[in-house]
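# Examining the three-dimensional arrangement
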Amino acid sequence: MALAPPKDGADTSSMTFTGADSLKGHVVALLGPTNTGKTHLAVQTMLRHSSGIIGFPLRLLAREVYDRVAAEVGRSNVALVTGEEKIIPPNPHYFLCTVEAMPVGRSYDFVAVDEIQLAADPERGHVFTDRLLNARGTETTMFLGSETARPLIQRMLPDAMMTGRARLSTLSYAGKTKLSRLPRRSAVVAFSATDVYAIAELMRRQRGGAAVVLGALSPRTRNAQVEMYQAGEVDFLVATDAIGMGLNMDIDHVAFAADRKFDGHRRRSLTPAEMGQIAGRAGRFMRDGNFGVTADVEDLDEELVSAIENHRFEDLKQFRWRSARLNYDNPRALLRSLESPPPFPWLAPPRQPEDLMSLKALLKDEKVQALAEANREHLILLWDVCQIPDFRKTMHDSHVRLLGHIFDHLTGNGVIGRDWMARQLDHLDRVDGDLDTLQSRLAHVRTWTYISHRAAWLDDPAEWQGRARAIEDRLSDALHATLTQRFVDRRTAALVKKLRDADEVDAAIDAEGNVTVESQFVGCLNGLRFVADRSALDNKAMKTAVRQVLAGALSVRAKKIAQAGDDEFALNDDATISWHSETIARLIRGQHVLAPEITLISGNQLGRREADRLKQRLEAWLKKRIGSLLRPLVGLEDAPFSPQARGVAYQLVENLGILPRDRVADHLRQFDAKDYGRFKYRGVQLGHSTIYCPALLKPESTRWRQILHDCGKDDCEPLDLAGLVSIDIDKDADHGRLLRAGYRSFGKVAVRVDMLERISALAHRSAKKGEAEADHEMLSLLGGGVEQLVPVLTGLGFVTERQGEDSPLKYRARGRRAKPKNQRRRKPSDPVKNKRPTRIDPHSPFAALMELRSK
């Protein structure tokens, strides 16, 4: 068809029509936003003609309309033709096809192409442009699509009747909403299978589940998923932009979980027109819809919102075009015709078409090139083979190798070999594996389904079509089951539906604390907290029911705990208090180390009066336990000590019963004579190296001391060293923590303070007269060897000496000199060198005796 500028008056955008008679003899461009009834009008118009064909952009959409038309006029009158599926009765009147698969060699009274604005698509657009220029019905031709295509259609088809249709309902912006807060009947849109699955998994956990729709799904799987959504088994749909192309579902809200996508060439932002196409899925017929954003997508700006709400987008500037007149004289001529430049500036070549890339790759093979150059039919066959779609989306080289094998079979045998074809299908005929495995097999079998519909390539096309279809159906059913199992919690979905429909909800708590709503387990009481099961969804009705039943149950439970005996409570290592192994409270550091504060661990359903009463009961229990286990420290600061002794008592309490003596040495030197007895009377031992309370070294007392010191901290688990008199430590050991556990650190060893005092007393006693030797008793008290004893004695103020590994360890008090070797012991008769004369008081009686002695 020749292209010319549009004629004046060709724009009839205000025209409205409902019947086919007014359209006969015309090429009509029916343009408008989503939910205008364009597709419905085209189908009804086709059925008023004796024959017709409609091309759709998606196999799923073609199948949807096929099912609808077949139900209206009977399957014997309707054909479905897509690349992978052909249902053609003997004498069909109507054809529903994908645009690429439209049988253009036949004559039809009515011809229509849906979503004609896809003529601008970089990969597929040239096919839509070809239909726009060349596909015509003998009576009526219709092109359906967006207003953005109007200027280019006017330019290319100046005689066309341009008409528009207004949206049947209002589309409005609802802002940003969390996934957990999306309204029912929402579709969440993402642009990769990974994102779709992640969101669907989240919806399963929070909202009971979601149906999943991707363009790569087979019609059977897609229909099963949509049917589940339409039937109300789930209230949410997670999909790719496949839903933007006319797939009709009861969607009230569309939420964008992403605003960027990979278009096969690069990752880019969605255009306003693309967002409008997807958002327009919200609302059906006269029911209004809305759209918004969710997840990590920022709020849309006002200009973009206005464009989507008012369906005003920038006009398309170019359609894609590729010559339909191909020259098969030789491979070079074919390539030149495929790459011939567009005739007008508003047309652009397709971007790296897959079939052309495959043709160039195969022609690099000398055998293929020779066959293509020698025989025109072989060249035509080669181009047909190159148009097999790469449903598998594998590396392009892998797809080219497959095409090469097919071309080799066809040129060598005339058909694809049965054994080879059978092997390709047999290894796909398995329904085990995970979601990705099933999808991969389904993508592979789609390639063979496409090939099976090329009748001239196979010895028995019907057999191979049946086998491929059977495998695809089994894989489709398995994929649907896997999707449902992974992304739909049927128990939760049923519960949510019942909660939504019921006026009153039945909730109860049994004797074990299990909480049920409408006989479905939703969680349990642990202490004073409600621990939700994964089925405890973000649902208002259920939350209200749970709150109501918890309020009474928690009150009863709090009273029961407040009346419990002391032996029913326990202090856990993480500074929490439990009742019958159920955590009910937590300790935090108070104003005094022996008086920590208690915080209840409970939900807000527990009343204040019951909470206060329970807290008082726990405080009484805690005070009693501290008084029993830490008795020497209770009231120690208030004892009748001297000021210096009271300071030591204060520090001893703050350190919970263990205090290195050197920290308070100055205070000790200023003690009153009675202070030592007062400390001893109260169970405090003022040792050589450590001041401590022997009674507080018992395992349970030690555990409580550590917990009281560390409560409120993130890591407060006490050390459990019961029964060990010493332990090996590394250089990074926490010496303060070891001290609270009852151990003093010396180098690479830590010694329990009571054993340390015994070692210190023994060492001082043995070294009182000078140098002493470490004996078995000292090593036994340490519970270690000589290597461990050396740093201990050094830390206690002794100097150690050892001649060799086999020699004994000798030690002496620091400041005493060692006795020289072979020194003879002085006799009483030996003269004393440099002895100072004794000074005698001249007024004493001894002075007179001295004078008599000197005479």
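See the structure above.
Residues numbered from 1 in each chain as written. Predicted model: local features only at pLDDT ≥ 70, side-chain atom pairs only at ≥ 80, totals over all residues. Heavy atoms only, no water.

### Some thoughts on the overall build of the chain
- In terms of helices and strands, the chain carries 28 helices and 35 strands.
- In the chain, which comprises 855 residues, the proportion classed as buried is 50%.
- Once local pairs closer than 6 in sequence are excluded, the contacts in the chain between residues at least 24 apart make up 67%.
- Of the roughly 42,800 Å² of accessible surface on the chain, a fraction of 48% belongs to carbon and sulfur atoms. (Helix = DSSP H or I, 4+ residues; strand = E, 2+ residues; numbered from the N terminus. Buried < 20%, exposed > 50% of the residue type's maximum accessible area, 1.4 Å probe, protein only. Contact = heavy atoms within 4.5 Å. Areas by Shrake-Rupley, 256 points an atom, 1.4 Å probe, with all protein chains shown as cover.)

### Some thoughts on the nonpolar core
- One finds Leu359, Leu382, Val385, Ile406, Ile416 and Trp457 to be the most contacted residues of the largest nonpolar core, which totals 63 residues.
- The contacts of isoleucine 406, once residues within four sequence positions are left out, are Val385, Ile388, Ile416, Trp420 and Ile451. (Core = buried A, V, L, I, M, F, W, Y, C linked by side-chain atoms within 4.5 Å.)

### Describing the sheet that holds strand β24 (residues 576-579)
- Pairing in this open sheet of four strands is antiparallel, and the strands run β23-β24-β25-β26 from one edge to the other. With one partner strand each, in any of the chains shown, β23 (569-571) and β26 (595-600) form the two edges of the open sheet. The average undirected angle you get between the axes of adjacent strands in this sheet is 30 degrees.
- Bridging between β24 and strand β25 (residues 582-592) involves four bridges; their strand directions are antiparallel. Across the sheet, the residue bridging to threonine 576 is arginine 586, located in β25. (Pairing = 2+ DSSP bridges. Axes fitted to C-alpha atoms, helices over the stretch in contact; angles between N-to-C directions.)

### A closer look at the packing of aromatic side chains
- Within the structure shown, the criterion is met by twelve aromatic pairs.
- Summarising the aromatic geometry, the rings of tyrosine 197 and phenylalanine 487 are spaced 5.5 Å apart at their centres and angled 20 degrees between planes, so their arrangement reads as stacked. Highlighted residues: tyrosine 197 in helix α5 (residues 193-207) and phenylalanine 487 in helix α16 (residues 461-487), separated in sequence by 290 residues. Here the two residues tyrosine 197 and phenylalanine 487 agree in accessibility, since each one is buried.
- Their ring planes at 55 degrees and their centres at 5.3 Å tell us that phenylalanine 671 and tyrosine 676 sit as a pair that is tilted. (Phe/Tyr/Trp six-rings, centres within 6.5 Å; stacked < 30°, edge-to-face > 60°.)

### Some points on the side chain of threonine 240
- Along the chain, threonine 240 falls in the loop between β12 (236-239) and β13 (253-256).
- Leave out the neighbours within four places in its chain, and threonine 240 touches Val189, Ala190, Val196, Val213, Leu214 and Gly215.

### Side note on the sheet that holds strand β7 (residues 140-145)
- Spatial strand order, β4-β3-β5-β2-β6-β7-β1-β8: eight strands in an open sheet with mixed pairing. In this open sheet, the two edge strands, each paired with only one partner strand, are β4 (86-87) and β8 (161-164).

### Points about helix α9 (residues 331-338)
- Within α9, six of the eight residues are buried, leaving the element largely enclosed by the surrounding structure.
- Buried within α9 are the following residues: Pro331, Ala333, Leu334, Leu335, Ser337 and Leu338.
- For α9, the secondary structure elements touched by its buried residues are α10 (354-362), α11 (366-374) and α12 (376-386).
- You can read the cap of α9 off the contacts: a side-chain oxygen lies 3.0 Å from the backbone nitrogen of arginine 332, and it is on asparagine 330. (Polar contact = N/O pair within 3.5 Å; in protein donor to acceptor, adjacent residues only side chain to side chain.)

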